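The chain contents come next:
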Amino acid sequence: MNKKILIPLILVILLLLGGLAWLYYNLDRQKQDNKAMVELADLDKKEMENQYQQFADQYSEMKTQINNDSIVAQLTREQERTQQLLKELRDTKSTDAREITRLKKELATVRSVLRSYVVQIDSLNRLNQNLTQENTRIRGQYEEANKQIVGLSTEKQSLSEKVAIAAQLDAIGINLTGLDKRNKKTSSLRKTKSLQVDFSLAKNVTAQSGMRTLYVRINTPTGALLGGGGTFPYENKDLECSAKRTVEYTGNETAVNVYYAVDQAMQSGTYRVSIFADGNMIGSKNFVFN
């Protein structure tokens, strides 16, 4: 074959083979990135399902401990609403970000309503303690009141688990900001040298005061974790975090700042911030960096 034809033909074949290899590499990388994002979305959806189920179960148990028909009817309505939301969540794909965001907001509302009932029943318990003291002095005259007190005393014993759920912290006002080398805010990915995560622990009168360790996970647009912050226990396994911070929580709204030093080039796209405390995911939010 003429060399003038053979050499260009060989070059064309080599270019085609190189193009095929490059295409295969990129398809495989995209497949891995998509897999990581799906696993992260599944983890978030599973945590939401667990919480919805816990709240539905707590409503069912609370109804067995209350002798007030009006409160029982209210609890029944809230339980049915919680079960309906759980069904909607189970029917929703973990990749449906819009629907997941809506159901996450509904979950916060369900938790808030449950807390209000826990506080109401806890108030009845405190009233029970006062009535118990009064009953010691005038037991005969208040025999009917004593029967109610015995019932409330039994109810108090079963409230500890409900209070624990209602006492779960909530991270609100989550924000992710890029900082340059002078720790000034920047929108330039190239100039970003560190990330600042700002949020607040919502006010919660049922939560126990004291020191709390908060763990922050930051996932890149590919689903990879910006690690280096150590590990923490979550659902019978250890998860790696990007950063952590210990703060004192008094039950009032508490502002928190956490920083992560960037040691690699920032990618444009959607970053996800997830916050954990006391073995629970207490908040998450997505942020777009261009």
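Residues numbered from 1 in each chain as written. Predicted model: local features only at pLDDT ≥ 70, side-chain atom pairs only at ≥ 80, totals over all residues. Heavy atoms only, no water.

## As for the pattern of salt bridges
One pass over the full model with this rule turns up eight salt bridges. For Glu-49, the salt bridge goes to Lys-45, with nearest N and O atoms at 2.6 Å. In this pair, Glu-49 and Lys-45 both sit in helix α1 (residues 3-64), four residues apart, roughly one turn of the helix. In this pair, the class of Glu-49 matches that of Lys-45, namely buried. The closest approach of N and O atoms between Lys-87 and Asp-91, which form a salt bridge, is 3.1 Å. We classify Lys-87 as partly exposed; its relative accessible area is 48%. Given a relative accessible area of 55%, Asp-91 falls into the exposed group. Ionic contacts of the salt-bridge type, sharing partners, join the residues Glu-88, Glu-99 and Arg-102 into one network. (Salt bridge = Lys/Arg side-chain N within 4 Å of Asp/Glu carboxyl O. Helix = DSSP H or I, 4+ residues; strand = E, 2+ residues; numbered from the N terminus. Buried < 20%, exposed > 50% of the residue type's maximum accessible area, 1.4 Å probe, protein only.)

## A word on the sheet that holds strand β1 (residues 171-179)
As summarised here, the arrangement of the three strands in space is β1-β2-β7, forming an open sheet in which the pairing is antiparallel. The sheet terminates laterally at β1 and β7 (254-261), the two strands that pair on one side only. Strand-to-strand twist of the sheet, defined as the mean angle between neighbouring strand axes without regard to direction, takes the value 15°. Sheet analysis places β1 next to strand β2 (residues 194-201), joined by seven bridges and oriented antiparallel. For Asn-175, the partnering residue across the bridge sits in β2 and is Asp-198. (Pairing = 2+ DSSP bridges. Axes fitted to C-alpha atoms, helices over the stretch in contact; angles between N-to-C directions.)

## Here we look at the nonpolar core
Counting residues in each nonpolar core, the largest one holds 30 residues, and the members touching the most others are Leu-176, Phe-199, Leu-201, Ile-218 and Val-273. Counting only elements with at least two residues in this core, the list comes to β1, β2, β3 (210-219), β6 (243-249), β7, β8 (269-277) and β9 (280-289). In this structure Phe-199 touches Ala-171, Ile-172, Gly-173, Ile-174, Leu-214, Val-216, Thr-254, Ala-255, Val-256, Val-258 and Ile-275, once residues within four positions along its chain are discounted. With 20 residues, the next largest nonpolar core counts Ile-100, Leu-114, Ile-165 and Ala-166 among its residues. (Core = buried A, V, L, I, M, F, W, Y, C linked by side-chain atoms within 4.5 Å. Contact = heavy atoms within 4.5 Å.)

## Concerning the environment of Phe-276
Mapped onto the elements, Phe-276 comes out in strand β8. Judged by relative accessible area, Phe-276 falls into the buried class, the value being 2%. Other than its neighbours up to four places away in sequence, Phe-276 contacts Thr-213, Leu-214, Tyr-215, Arg-217, Phe-232, Tyr-234, Leu-239, Met-281 and Ile-282.

## Comments concerning the pairing of strand β5 (residues 237-240)
In this sheet, β5 lies alongside strand β4 (residues 231-234) in antiparallel orientation, the contact comprising four bridges. Considered in β5, the bridge of Phe-232 is made with Leu-239. Between β4 and β5, which pair antiparallel one after the other, the connecting turn spans two residues, and Glu-235 there sits at a positive phi close to 50°.

## Some words on the packing of aromatic side chains
Counted according to the given criterion, the structure contains five aromatic pairs. Aromatic side chains Tyr-59 and Tyr-117 sit 6.4 Å apart centroid to centroid with 80° between the ring planes, which places their arrangement in the edge-to-face category. Remark: Tyr-117 occurs in helix α3 (residues 97-137) and Tyr-59 occurs in helix α1; sequence separation between them is 58 residues. Classification of Tyr-59 as buried rests on a relative accessible area of 0%. A relative accessible area of 9% places Tyr-117 in the buried class. Put simply, the rings of Tyr-215, Phe-232, Tyr-234 and Phe-276 touch in pairs and so form one group of aromatic residues. (Phe/Tyr/Trp six-rings, centres within 6.5 Å; stacked < 30°, edge-to-face > 60°.)

## Some words on a nonpolar patch on the surface
Among the surface-exposed residues, Leu-6, Ile-7, Ile-10, Leu-11, Ile-13, Leu-14 and Leu-17 lie close enough to one another that they form a single nonpolar patch of about 640 Å² accessible area. Following the sequence through the fold, Ile-7 ends up in helix α1. Residue Ile-7 is classed as partly exposed on the basis of its relative accessible area of 49%. (Patch = residues over 30% accessible without salt bridge, like charges linked within 9 Å, V, L, I, M, F, W, Y side chains within 5 Å. Areas by Shrake-Rupley, 256 points an atom, 1.4 Å probe, with all protein chains shown as cover.)

## Brief notes about the sheet that holds β3
If you walk across this open sheet you meet the four strands as β6-β3-β8-β9, and the pairing is antiparallel. If you trace the sheet from one side to the other, it starts and ends with β6 and β9, each paired once. This sheet shows a mean twist of 25° between the axes of neighbouring strands, independent of strand direction.

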